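# Breakdown of the fold
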Amino acid sequence: MSRRILFLNHVGILGGAEYCLIDMAVAFRENCQVLLFSDGPLRERLEAQGVIVNILPAPDSLLGIRTSSGMSSLKSIPALIQLSRQIATIAQDFDVIHTNSQKAFVIAALSKLWGSPPVLWHLRDIMTSRHFSPINRKVAISLANRFISKVLIVSQGAADQFIALGGKPSLVRVIYDGIPPDPFIKVTPEQITAVRTELGIGDAPLLGAFSRLSPWKGQHILVEALYQLPEEVHALIVGDALFGESDYVKTFKAAIADPKIAHRVHWLGFRTDVPVLMSACDIVVHTSTEPEPCARVGVEGQLAEKPVIAANAGGMPEIVEDYKTGRLYAPGDVGALATALQEMLSDTEALSLMAKQGKAHALSRFSLANCIGDIESVIEEVVTA
């Protein structure tokens, strides 16, 4: 595709949204540039794959604002205006701006006041009151309705919420994130054996949770469920806090230090070998206590050919079909999670079938080729409008 794309992302760390950005930017690297508002490992990963990256540092007064902030977010207006003017100037060399994060969307939307090209908002959140304050929801919807050409939304559940809050249905295009299967296909039995040997668990049942550490990501739910599962069942926790949630990390460390389960919980922190670690698990567990739009971990678990058990909220039922590709349980319900896990572990034949059906589902619905093709179609639509 010959259209020039300017990708915007406000952070330089590696989270789920950033891994999706990497996949998109690599696909468009001949005709794109990524602009970050802070430096970090994301830049290194992109540049290593031939993507042009520039850093436009944003002031702390802007980067420190959370979507859950209320009136305090208004103090960032001067920084927003200044940065949006800079974006408008930079974007003159591009056909379209793709915003991959909430702050990037707000800045790019305001840059339309100074003549920016069409702006796409890739909405990767469900705009619930838990994560978005009333004022931030109102501002986001107003900016989208006025300035955004299309809102690319990662699940129907997230799209329904956007529309319910007043977002124009005509702006919405549901595009599932595409995730390359190759890193999972290339995992060898020797690598899996090495992981289990490192953990010292042999052939014991292993449950895996993969996410940044945060209260609402709910890793503690899996730890609590472990008490209700047989002694031989182990849990693998991969991820660390990304946004300074030190209180939760402290509480989590204390919980897994309990002598009753300490030998059964393996917290590895942040890792880059997720495909290998997932492949070493028997079940991949999604533990979020709040609705998620379409958690990447669910698709990755399926690509690793593992059954996935997920909290039944947001876009997760679009990934996991109960009893077919995995199991669903009520968010935050420790007893329901433990019961479902016990049922899954006790029926190896059903477990194997769910894993196979899940992999086929992920390869079909979450194809990277389909995702890129849909994005290309939207870009052409808005550029030629």
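So, a few notes on the structure that sits alongside this text. Note that this is a predicted model, so its numbers are computed, not measured.

## A word on the sheet that holds strand E11 (residues 283-285)
If you trace the six strands from one edge of the open sheet to the other, you get E10-E9-E8-E11-E12-E13, paired in parallel fashion. On the outer flanks of this sheet lie strand E10 (265-269) and strand E13 (326-329), each paired with one strand and no other. Direction aside, neighbouring strands of the sheet carry axes that sit 20° apart on average. Relative to E11, strand E8 (residues 206-210) runs parallel, the two being bridged by two bridges. Looking at E11, one finds that Leu207 is bridged to Ile283.

## Things to note about the packing of helix H10 (residues 219-226) against helix H11 (residues 246-256)
At their nearest, the axes of H10 and H11 sit 11 Å apart, and the two run at 15° to each other. Between H10 and H11, the crossing angle belongs to the class labelled roughly parallel. The chirality of how H10 crosses H11 is left-handed. Contact with H10, carried on its side by Gln219, His220 and Val223, involves Tyr248, Phe252 and Ile256 of H11 and no other residues of that element.

## So, unusual backbone geometry
Of note, the phi angle at Glu305 is positive, near 60°, even though the residue is not glycine. Looking at where Glu305 falls in the secondary structure, it is placed in the loop between helix H13 (296-303) and strand E12 (308-311).

## Notes on the sheet that holds strand E1 (residues 5-9)
Taken in spatial order, the seven strands make up an open sheet running E3-E2-E1-E4-E5-E6-E7, and their pairing is parallel. Every other strand in the sheet has two partners, leaving strand E3 (53-55) and strand E7 (172-174) as the edge strands with one partner each. In this sheet, adjacent strand axes meet at a mean angle of 25° when their direction is disregarded. Strand direction decides the pairing type here: E1 and strand E2 (residues 32-36), joined by five bridges, are parallel. Paired with Asn9 across the two strands is Leu36, which belongs to E2.

## Some details on a nonpolar patch on the surface
The grouping of Ile77, Ile81, Leu113 and Trp114 at the surface amounts to a nonpolar patch, some 320 Å² of accessible area in total. Its location among the elements puts Trp114 in the loop between helix H5 (102-111) and strand E5 (119-123). Exposure remark for Trp114: the relative accessible area of 31% places this residue in the partly exposed category.

## Quick look at the side chain of Glu292
Following the sequence through the fold, Glu292 ends up in the loop between E11 and H13. A residue is classified by how much of its surface remains accessible, and Glu292, at 7% relative accessible area, is buried. Engagement of the side chain of Glu292 in a polar contact is seen with the side chain of Lys217, the distance being 2.9 Å. Non-local contacts of Glu292, meaning those with residues more than four positions away in its chain, are made with Ile126, Trp216, Lys217, His286, Ala313, Gly314, Gly315 and Met316.

## What about empty space enclosed by the protein?
In total, this model carries one cavity of 30 Å³ or more according to the counting rule given. Its boundaries defined by the atoms lining it, the largest cavity holds a volume of some 60 Å³. Each residue belonging to the lining of the largest cavity can be placed in one class, and the counts come to seven nonpolar, no polar and two charged.

## Side note on the nonpolar core
Leu8, Phe37, Phe105, Trp121, Val151 and Phe162 are the most contacted members of the largest nonpolar core, which totals 38 residues. Going through the elements one at a time, E1, helix H4 (77-90), H5, E5, helix H6 (134-147), strand E6 (150-153) and helix H7 (156-164) are the ones with two or more residues in this core. At seven residues, H5 tops the list of elements feeding residues into this core. When residues no more than four places from it in sequence are discounted, the contact partners of Val151 are Trp121, Leu123, Ala144, Phe162, Leu171, Val172 and Arg173. Listed in part, the 34 residues of the second largest apolar core include Cys294, Val299, Val308 and Ala362.

Definitions and cut-offs
- Here the residue index of a chain counts from 1 through its sequence in written order.
- Predicted model: local features are reported for residues with pLDDT of at least 70 only, side-chain atom pairs are reported and counted for 80 or more only, and whole-chain, interface and lining totals are derived from all residues.
- With hydrogens and water set aside, each side-chain value is computed from the structure's full complement of heavy atoms.
- Two strands qualify as a pair provided that DSSP identifies no fewer than 2 bridges between them.
- Only DSSP runs of H or I reaching four residues or more are called helices, and only runs of E reaching two or more are called strands; each is numbered from the N terminus.
- Comment: axis = line fitted to C-alpha atoms, over the contacting stretch for helices; angle = value between 0 and 180 degrees taken between N-to-C directions.
- These descriptions rest on fixed angle ranges, namely under 35 degrees for roughly parallel, over 145 for roughly antiparallel, 65 to 115 for roughly perpendicular, and the rest for oblique.
- Crossing handedness follows the turn of the near helix against the far one: under a right angle anticlockwise gives a left-handed crossing, and clockwise gives a right-handed one.
- Should any heavy atoms of two residues lie within 4.5 Å, those residues are counted as being in contact.
- Patch membership is restricted to residues that have no salt bridge and whose relative accessible area is over 30%. Joining uses 9 Å for like charges and 5 Å for the nonpolar side chains Val, Leu, Ile, Met, Phe, Trp and Tyr.
- Each accessible area value is a Shrake-Rupley result obtained with a 1.4 Å probe; residue values ignore everything except the protein chains displayed when judging cover.
- Salt bridges are defined as contacts in which a side-chain nitrogen from Lys or Arg sits within 4 Å of a carboxyl oxygen from Asp or Glu.
- Relative accessibility under 20% of the residue-type maximum defines a buried residue, over 50% an exposed one, and the middle range a partly exposed one, all with a 1.4 Å probe and only protein chains included.
- Polar contacts, as counted here, are pairs of nitrogen or oxygen atoms within 3.5 Å of one another; within protein the pair requires one atom able to donate a hydrogen and one able to accept it, and residues that are adjacent in sequence qualify only if both atoms are side-chain atoms.
- Grid points spaced at 1 Å over the protein atoms alone were grouped into cavities, where a 1.4 Å probe fits but cannot get out, and pockets, open sets with protein on both sides within 12 Å along at least five of seven lines, with lining residues defined by an atom within 4 Å of a point.
- Grid points are joined across faces, edges and corners, and a volume is the space filled by probe spheres set on the points.
- The residue classification treats Ala, Val, Leu, Ile, Met, Phe, Trp, Tyr, Cys and Pro as nonpolar and Asp, Glu, Lys and Arg as charged. All others, Gly included, are polar.
- We call a set of buried residues a nonpolar core when its members are Ala, Val, Leu, Ile, Met, Phe, Trp, Tyr or Cys and they connect through side-chain atoms within 4.5 Å of each other.

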